[in-house]
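For reference, the chains in residue letters:
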Amino acid sequence: MIVAFCCIHTIVYSQEIKQKSLETKSIKLVDTLNLKSIDTIFKPLDTISKPVDSILKPVDSILKPKELLESIIVHSADSLIRQDIKNNKIILFNNAHIHYKDIDLTAGYIEIDNTTNEVWAIGVKDSIGEYTQLPVFKQGTEETTQDSIAFNFKTEKAKIWGLRTEQQGVFIRGEVTKKENDSTIYISNIRFTTSKKENPDYYITTKKAKIVPDKKLVIGLSNLVIQDVPTPLFIPFAYIPLTKGSTSGFIMPTWGDTSEQGYFLQNGGYYFAINDYVDLAITGDVYTNGSWGIRTQSNYAVRYRYNGNFSFRYENLKNSIRGLDDFSKTTNYNLRWSHSQDTKASPNSRFSASVNLGSSTYYRESLNEYNNNSFLNNTLSSSVSFYKKFVGTPFNLSISATHSQNANTESITMSLPSLQINMDRIYPFVSKTGAKKNALQKMGVTYSLKGDNKINTTDEFFFKKEMFETAKSGLQHNATFSTNMKLLKYFTLSPNANYKEVWYFDRINKTYNTTEDLVVTDTINKFSAFREYSTGVSLSTTLYGMFNFKKGRLQAIRHVIRPSVSYNYRPDFSSYFEEVQQSADENDVTEYNPFTGIYGGPSKGLSNSLSFTLNNTFEAKVMSKDSTEVEPKKVTLINNLNFSTSYNMAADSLKWSPVRMTAGTDFFNKKLKLNINATLDPYAITASGKKINTFNINNGGSLFRLTGAGLTMNYSISSKKQDGGQKSSKQQNAQANNSDGIFGEDLNTSNNLGSENTSGTKVKTAKLYSATFPWTLKLAYSLNYTNSNRQQEISSNSLMFSGDIELTPKWKVGVSSGYDIKSKGFSYTQLRFSRDLDSWKLNFNWVPFGTRQTYYFFLGVKSSMLSDLKYDKRQVPDRRLF
């Protein structure tokens, strides 16, 4: 009965398979149990031996049988395993599975023909008539899903119907597929896309294609189909690399037009994937009026050693058309280099670089630069440094080259190079046990040597021989001696002494020319030096005040006061000054400083002063609303409230310096940060605004005269809980340079806007009910007050804001702007719109007014494999060249 049932079940199932094969055009079989008519590539191996020359090599008269397969075929199934001995076949049904070498095949129905070494697999119908358990074929790292498959174990050739596979993010679906034994795949009626949907958003269809897994995809005439609607976009052929990692290739340009330069192509070029450690991208811009630009961008990284990037940009821009009155021409360039060393590479030495130098007008005049922070900032700075710690000694060495450039004045200050040798604090009188019990044993000595070669120049002479003609160099030695001791149990007394010696290699010499009746200044190249020393002592303590409360959640307020008084004495070193006659009168002489080097000259006049500081902090202890919490929570009320002033006993007048006050605190769980500063002058001024040696209170005024004050507030709120995790160095650098995005986001080029890595992106789902709108808002307010000459003026008063809101899980709108309350005008404003279209992305950035008025529209595929499938349009700011 069991055998009869199995036979009947097999016959019925075979009839269903045969009927389905006749109905499905993609499965071209004559008999489901006989695969001889599938294709000539599945014919059994020819067993006729080739003739062998007996003269060359004797042949054994008894031939050994040749092995048909190189490994054992392991098979299994849940419902049926049938051995057809007559036809030498094995039939597997329901979750059928076979394994041979590196080949793994699962399907609803599998039939193995041991005579031809062929296997055939298809899916099975479920209770509602749909096919399930479709064949899944795995060989090595390659995996495909198909409607049916015929495979030859010996030749490793296959024929597939209804192929579904994925190659490096590209999903491929083919009607009929042939696989050669070298893994080359030929497909007819193919569709490929990067959309993961069963019904993809878009796909590219073509009649024929060739795939070499993990290498390339070559297709013929193809048509782009969006939402199953064919578009008029055709390509005659295409070559798509499928290699893992970076691949060299062309970078498609962005097109557009300007009113001054005409039509243009921007950011087109070639990407070189040199090796696993370094790459290079060369792109350029071309304009119809003859303007052009070129850029190079390179990234490099060696794991556990170092990483960095380098870029150079050059633009030759023409405004209007040659021959017209408004025609002008300019060239700009910019060089950027960033290098960082892994801390594990060398614990005792490190090399780092952060370079940003170029034309002062580059960020204002460039037609293809959208770095908002650099545009709004007037300073370019660079630093390249090397640090070395000498193990076993207290010494360390630092060599650096620095650059600072003011984009408004076009002045440049460089240090080429700067040398610094430091000696860590040593204790020459410490006991043999290392204990420091008295003031002598606590005596510490530090030493530093600093050498600089300073260059002051302008854009006009940058890196020209004139730049080095005004270079000045020098060396400065500093030695410090300090100790501390307890005084009256609660006070700390800290005496100190300082010594400074400066060496120059030239000096100023002034002489009076009696013929021309003027003072002549000459620079003499000779070694010169001056020395200074000073001494001081400070007395400090800490006071604690506690205010306890018996009722309510507020239990106590703690006030910490840290007063400090210091005395400093420095002799008069005017002996280094020299005299020069300045008129025909021999008695008409004046002093001048012969040392005008990079570290200045000796101090003139006696300094005998007292300094006073008073630092305060306020904290509170508050019980939690949660009754289970037994320990009170510490809450900071005022982070700092500091006062400082000084009294110069050696001065003949105006001995008291202004009182400077700073205060800072935060509110709303540190979301609102508030900082205040003020300057209070105790002396009065005349009607003309000149300070006099009379206290303001004795002149009919208040105790202090408010000469300046400032207020800054930063507020950041969000509907989402802020991520408390640590930020990467890249995020920290972006935050530091862009003030938390308060100045707006950079307008990226199309070549890196759509090609995003979405592997770690969280999938968002829309809620039809109780919908939420995630949002963020950042505010920055600044107010400055000036009253040094009774002008009572608000020197600056501005509010800046930036925020975004997700209208839906896939719609995001953002804005960054500011308002100058004093000048009554908006500052740099940027509007941002973003739409996630699943496999596509839409972005629109708009700067509606100002010198950077522009817009940028982008619609393209997210996947980097088809990043050139895009449409973008931009308006370049119409800037006049100066």
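Residues numbered from 1 in each chain as written. Predicted model: local features only at pLDDT ≥ 70, side-chain atom pairs only at ≥ 80, totals over all residues. Heavy atoms only, no water.

A. Molecular detail of the overall build of the protein. Tallying secondary structure elements over the protein gives 6 helices and 55 strands in all. When the 882 residues of the protein are sorted by exposure, 35% land in the buried category. Within the protein, counting contacts between residues at least 6 apart in sequence, those at least 24 apart form 50% of the total. (Helix = DSSP H or I, 4+ residues; strand = E, 2+ residues; numbered from the N terminus. Buried < 20%, exposed > 50% of the residue type's maximum accessible area, 1.4 Å probe, protein only. Contact = heavy atoms within 4.5 Å.)

B. Structural detail: the confidence of the model for the protein. Of all residues in the protein, 84% have pLDDT values of 70 or greater, and the mean over the chain is 81. By mean pLDDT, helix 1 (residues 2-23) is the weakest element of the protein at 36, and strand 44 (residues 672-681) is the strongest at 95. Contacts for the low-pLDDT stretch residues 1-58, under 50 throughout, to residues beyond four places or in other chains number 61 contacts. Contacts of residues 753-761 to residues separated by more than four positions or lying in other chains number 13 contacts, the stretch itself having pLDDT below 50. (pLDDT = per-residue confidence, 0-100.)

C. Structural context of the pairing of strand 4 (residues 103-113). Most of strand 4 sits out of view: 9 of its 11 residues are buried. Across 10 bridges, strand 3 (residues 89-100) lies against strand 4 in antiparallel orientation. If you follow Lys89 over to strand 4, its bridge partner there is Asp113. Counted between consecutive antiparallel strands, the loop separating strand 3 from strand 4 contains 2 residues, among which Lys101 sits at a positive phi close to 55°. Examined bridge by bridge, strand 4 and strand 8 (residues 136-139) share 4 bridges and lie antiparallel to one another. Of the residues in strand 8, the one forming a bridge with Asp104 is Lys138. Counted between consecutive antiparallel strands, the loop separating strand 4 from strand 5 (residues 118-122) contains 4 residues, among which Asn117 sits at a positive phi close to 60°. (Pairing = 2+ DSSP bridges.)

D. Geometry of the nonpolar core. Grouped together as the largest cluster of nonpolar side chains are 40 residues, with contacts concentrated most on Ile98, Ile110 and Phe192. Dropping the residues within four chain positions of it, Phe192 is found in contact with Val170, Phe171, Ile172, Tyr203, Ile204, Leu217, Ile219 and Ile240. Formed by 10 residues, the second largest nonpolar core is a distinct cluster that contains Ile91, Phe93, Trp120 and Trp161. (Core = buried A, V, L, I, M, F, W, Y, C linked by side-chain atoms within 4.5 Å.)

E. Main features of the pattern of salt bridges. Counting across every chain of the model gives 18 salt bridges. Between Glu793 and Lys822 there is a salt bridge; the shortest N-O distance is 3.3 Å. Here Lys822 lies in the loop between strand 50 (811-820) and strand 51 (825-826) and Glu793 lies in strand 49 (residues 793-808), a separation of 29 residues in the sequence. Owing to a relative accessible area of 36%, Glu793 belongs among the partly exposed residues under this scheme. Of the charged contacts, one joins Asp838 and Lys810 as a salt bridge, the two residues approaching to 2.2 Å between their closest N and O atoms. A residue pair is termed long-range when its members are at least 10 positions apart, and Asp838 in the loop between strand 52 (830-837) and strand 53 (840-847) and Lys810 in the loop between strand 49 and strand 50 qualify at 28 residues. (Salt bridge = Lys/Arg side-chain N within 4 Å of Asp/Glu carboxyl O.)

F. Quick peek at the pairing of strand 5. Burial of strand 5 is extensive: 5 of the 5 residues sit out of reach of the surface. Of the two faces of strand 5, the one holding Glu118, Trp120 and Ile122 and the one holding Val119 and Ala121 are both buried throughout. Where strand 4 and strand 5 come together, 5 bridges link them in antiparallel fashion. When the bridges of strand 5 are listed, Ile110 appears paired with Ala121. Sheet analysis places strand 5 next to strand 10 (residues 148-152), joined by 5 bridges and oriented antiparallel. In the strand pairing of strand 10, Ile122 is matched with Ser148.

G. Here's a closer look at unusual backbone geometry. Pro417 follows Leu416 through a cis peptide bond whose omega is -10°. Of note in the backbone geometry, Asn117 takes a positive phi value of approximately 60° without being a glycine. Of note, Asn117 is situated in the loop between strand 4 and strand 5. Residue classification places Asn117 among the buried residues on the basis of a relative accessible area of 8%. We note that Tyr304 has phi near 65°; this positive angle belongs to a residue other than glycine. With respect to the helices and strands, Tyr304 occurs in the loop between strand 23 (292-302) and strand 24 (306-319).

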